[in-house]
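Summary of the model geometry
Below are the chains, spelled out letter by letter.
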Amino acid sequence: MGVLRVPKAFVQQATFEAAVKSAALDLRPDVLKIIPAIDSDWSGKPAVYFTVVLTDSAIQRNQLGQLTSRISWRVVQAVQPMEKWGVLPYFNFRSESEQATIEERIPA
Amino acid sequence: MALHDDLLEVAQQFASLSGGHLDQAYLRRAVSTAYYALFHLLTSEAAANWSRPELRAKLARHFDHGPMKAACESRISQIQAEFKRNPPEGEDDEAMIQLWTVANAFVQAQDRRNHADYNVAWTWHRSEVDSHVAEVAPAIQAWSTIRNHDAAQDFLLSLLGAKDRRPSEPRPPNPRPERRNRLTGPDQK
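Now for a description of the structure that goes with this document. (Residues numbered from 1 in each chain as written. Chains lettered and ligands numbered in written order. Predicted model: local features only at pLDDT ≥ 70, side-chain atom pairs only at ≥ 80, totals over all residues. Heavy atoms only, no water.)

Description of the packing of aromatic side chains
Two measures describe an aromatic ring pair: the distance that separates the ring centres and the angle between the ring planes. Under the defined criterion, the tally for this structure stands at 16 aromatic pairs over all chains. Ring centres of Phe91(A) and Phe93(A) lie 6.1 Å apart, and the angle between their planes is 15°; on these two criteria the pair is classed as stacked. Since its relative accessible area comes to 1%, Phe91(A) is described here as buried. Judged by relative accessible area, Phe93(A) falls into the buried class, the value being 0%. On the numbers, 5.1 Å between centres and 65° between planes, the contact of Tyr35(B) with Tyr36(B) is edge-to-face. Tyr36(B) sits in the partly exposed class, given a relative accessible area of 22%. (Phe/Tyr/Trp six-rings, centres within 6.5 Å; stacked < 30°, edge-to-face > 60°. Buried < 20%, exposed > 50% of the residue type's maximum accessible area, 1.4 Å probe, protein only.)

Topic: the nonpolar core
In this structure, Leu54(A) and Trp143(B) are the most contacted members of the largest nonpolar core, which totals 78 residues. For Leu54(A), the residues in contact, after removing those within four places along its chain, are Asp30(A), Val31(A), Leu32(A), Ile59(A), Leu64(A), Leu67(A), Ile71(A), Phe93(A), Arg94(A), Ser95(A) and Glu96(A). (Core = buried A, V, L, I, M, F, W, Y, C linked by side-chain atoms within 4.5 Å. Contact = heavy atoms within 4.5 Å.)

Focus: the pairing of strand S3 (residues 88-95) of chain A
Residues and elements named next belong to chain A. Among the eight residues of S3, eight are classified as buried, and the element is accordingly described as predominantly covered. Burial along S3 is two-sided: Leu88, Tyr90, Asn92 and Arg94 facing one way and Pro89, Phe91, Phe93 and Ser95 facing the other are all buried. Of the pairings in the sheet, the one linking strand S2 (residues 46-54) to S3 comprises eight bridges and is parallel in character. Within S3, the position partnered with valine 52 by the bridge is phenylalanine 93. (Helix = DSSP H or I, 4+ residues; strand = E, 2+ residues; numbered from the N terminus. Pairing = 2+ DSSP bridges.)

Quick notes on the environment of Ala48(B)
Relative to the helices and strands, Ala48(B) is located in the loop between helix H2 (23-47) and helix H3 (56-60). Along the primary structure Ala48(B) and Ile79(B) are separated by 31 residues, whereas in three dimensions their C-alpha atoms are 25 Å apart.

Focus on a nonpolar patch on the surface
On the surface, Leu4(A), Val6(A), Phe10(A) and Val11(A) cluster together into a nonpolar patch covering about 410 Å² of accessible area. With respect to the secondary-structure elements, Phe10(A) resides in helix H1 (residues 8-11). (Patch = residues over 30% accessible without salt bridge, like charges linked within 9 Å, V, L, I, M, F, W, Y side chains within 5 Å. Areas by Shrake-Rupley, 256 points an atom, 1.4 Å probe, with all protein chains shown as cover. Salt bridge = Lys/Arg side-chain N within 4 Å of Asp/Glu carboxyl O.)

Details of the interface of chain B and chain A
In this assembly, 28 residues from chain B lie in contact with 28 residues from chain A. A combined buried area of about 2400 Å² lies between chain B and chain A, and 56% of that area is made up of carbon and sulfur atoms. Arg94(A) is the salt-bridge partner of Glu128(B), the closest N and O atoms lying 2.9 Å from each other. Taken together, the connections running from chain B to chain A amount to 18 residue pairs in polar contact (both at pLDDT 80 or more). The dominant element in the side of chain B that touches chain A, judged by the number of residues it contributes, is helix H5 (residues 90-118) of chain B, at eleven residues. The residue makeup of the side of chain B that touches chain A, split by class, is eight nonpolar, eleven polar and nine charged. (Buried area = accessible area lost by both parts, 1.4 Å probe. Polar contact = N/O pair within 3.5 Å; in protein donor to acceptor, adjacent residues only side chain to side chain. Nonpolar A, V, L, I, M, F, W, Y, C, P; charged D, E, K, R; others polar.)

Structure below.
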């Protein structure tokens, strides 16, 4: 009988989130917070979607692509989502003002 | 300008057109087009190695999204493992980070493109899309700095999806089955 392998990120979510929070702290002042959402990616593989909330000034920077690539690299190095937690990392970057608007729309 | 540069410019224009009643349509096209900028960059670079120019476009059509993403994921894992075990130094260190940037941008862009093209439940936001599109430019720039590096050329080849057989890996014995006489072989009835 086959053994069902559940990625560690699914069963130890609190520890995983703490690791993400710690990585976010090292990325201040550009990064305000990183919100992880554990899910499957488009191909069905276990994944984590990181919503990285950037300051409005950071997202208006000319070199935004370089900034987001650097953040992705540093989060992956610090958290090691695939190696330690068994989930493929995906990144979405949002401005703090857009994130605030989205949160306002969510009913309490 | 090359096709990938044009596509990136079109993606930026689509994003800038968002805001009205066509907001979601423009943002989705921006995300999708940004992915195709990377896709065409890599397939054209791989095809450029083919010595007969008239066959390069035909060769580029052999690349498929799934195997390309799998190859990128494999390369990302390989680079991360290398950095953890024995971080490369100097030029190799920089080349590996640039290659990671390209492979990671491709994986990210392809997943977003699938959502942009097919997932109608997903609402796109302007700052998200701006950052997605912006991430493609440094990947194209990163590629231009490493395109002649051995690891980059090996990466291009891997995008075709062929199994990566390492030199130490034993080859399967007798890969071609013994030829049988078509008329008298045991399978004939």
